[in-house]
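These are the residues of each chain, in order.
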Amino acid sequence: MVKVGRCSSILFGANRKQAGFLLAELQISVAIMAVLVAVLYSDFCQLLQGWQKMFLDIQLQDTGRYMFSILEKDLCYEGQLITLGKDSLGNPKITCQTGHAGKSYTYTLSSKSLYKTTKTTKTSGKNPLFVPGCNVMDLQAERLGEKLLGLEITLEKDGRRQKLSQVMHCFNGSVVYE
């Protein structure tokens, strides 16, 4: 047995006196590990925050695309006369007269939300045109030409803001100011 013990200590380069770890060595390795974990945790938190911001930006862009698609359908394809102005509170207002038997749409900004009011000769209704949890902070409309309309919407969600804009060509109508 003495030969086997001697042989293994020769193979592994250790003497019986140096067979274990010292308490100081163990403490140093734990300290190094703690520093590495702290650095990795802070990097992970930064990565997570960046991902959350990116996810919010994507949600805001999707909401803007949704709103622009409805505005484009109503204003560009159905509208014969698009009037840009302000409501009684000074908020932006876009009115669209269609060619469908007295049907009109009015878009107004109220309480951080965009609303669409539909009027016909017999009925009237007001519907929200936004995604819950996403605030519409501003709506700007500008006449860029007889048939060109520039729209800019500022959206906000959980502290993130995005300003989205689009130029629309009104095929069947014209754009005027009040």
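In what follows, the structure referred to is the one given above.
Remember, it's a predicted structure, so these values are computed and weren't measured experimentally.

Visitor: Lay out the sheet that holds strand S1 (residues 79–86) in plain terms, naming residues and giving numbers.
Guide: Pairing in this open sheet of 6 strands is mixed, and the strands run S5-S4-S3-S2-S1-S9 from one edge to the other. The outermost strands of the open sheet, each flanked by one partner alone, are strand S5 (124–128) and strand S9 (174–177). Adjacent strand axes in the sheet meet at a mean angle of 20 degrees, parallel and antiparallel pairs treated alike. Judged from the 4 bridges that link them, S1 and S9 form a sheet pairing that is parallel.

Visitor: Pulling in residues and values, what's your account of the packing of aromatic side chains?
Guide: The full count for this structure, using the stated rule, is 2 aromatic pairs. With centroids separated by 5.5 Å and ring planes inclined at 10 degrees, the aromatic side chains of Trp 51 and Phe 55 adopt a geometry described as stacked. Taken together, the positions of Trp 51 and Phe 55, both in helix H2 (residues 23–78) and 4 residues apart, correspond to about one turn of that helix. Residue class for Phe 55 comes out partly exposed when judged on its relative accessible area of 40%. Each ring, one from Tyr 77 and one from Phe 171, has its centre 5.3 Å from the other, and the planes form 15 degrees; the classification is stacked. Here Tyr 77 is found in helix H2, whereas its partner Phe 171 is found in the loop between strand S8 (160–169) and S9, with 94 residues between them in sequence. A residue is classified by how much of its surface remains accessible, and Phe 171, at 44% relative accessible area, is partly exposed. Its end group placed over the ring of Tyr 115, Lys 126 keeps NZ or CZ at 5.0 Å from the ring centre.

Visitor: Go over the sheet that holds S8 with me, naming the residues and quoting the values.
Guide: If you trace the 3 strands from one edge of the open sheet to the other, you get S6-S7-S8, paired in antiparallel fashion. What marks the edges here is a single partner per strand, and that holds for strand S6 (135–143) and S8. Each neighbouring strand pair of the sheet contributes to a mean axis angle of 15 degrees, computed without reference to strand direction. By the bridge criterion, 10 bridges tie strand S7 (residues 148–157) to S8 in an arrangement that is antiparallel. Among the inter-strand pairings, Ile 153 is bridged to a residue of S8, identified as Leu 164. Where H2 meets the sheet, its contacts fall on S6, S7 and S8, and the angle it forms with S8 comes to roughly 25 degrees.

Visitor: Now, about the pairing of S1: what can you tell me, with residues and values included?
Guide: Here S1 runs beside strand S2 (residues 92–98); their pairing, made up of 7 bridges, is antiparallel. Its bridge partner lying in S2, Leu 81 is registered against Gln 97. The loop that links S1 with its antiparallel partner S2 comprises 5 residues; one of these, Gly 90, has a positive phi angle of about 85 degrees.

Visitor: Give me the lowdown on the nonpolar core, citing residues and values where you can.
Guide: Formed by 27 residues in total, the largest nonpolar core has its most connected members in Leu 71, Leu 75, Ile 82 and Tyr 107. When residues of this core are traced back to their parent elements, those giving at least two are H2, S1, S2, strand S3 (104–110), S6, S7 and S8. At 7 residues, the largest contribution of residues to this core is made by H2. Residues contacting Leu 75, with those up to four places away along its chain left out, are Ile 82, Ile 94, Cys 96, Tyr 107, Leu 149, Leu 151 and Cys 170.

Reading the values: the criteria
- Residues numbered from 1 in each chain as written.
- Predicted model: local features only at pLDDT ≥ 70, side-chain atom pairs only at ≥ 80, totals over all residues.
- Heavy atoms only, no water.
- Pairing = 2+ DSSP bridges.
- Helix = DSSP H or I, 4+ residues; strand = E, 2+ residues; numbered from the N terminus.
- Axes fitted to C-alpha atoms, helices over the stretch in contact; angles between N-to-C directions.
- Phe/Tyr/Trp six-rings, centres within 6.5 Å; stacked < 30°, edge-to-face > 60°.
- Buried < 20%, exposed > 50% of the residue type's maximum accessible area, 1.4 Å probe, protein only.
- Lys NZ or Arg CZ within 6 Å of the ring centre and 35° of its normal.
- Contact = heavy atoms within 4.5 Å.
- Core = buried A, V, L, I, M, F, W, Y, C linked by side-chain atoms within 4.5 Å.

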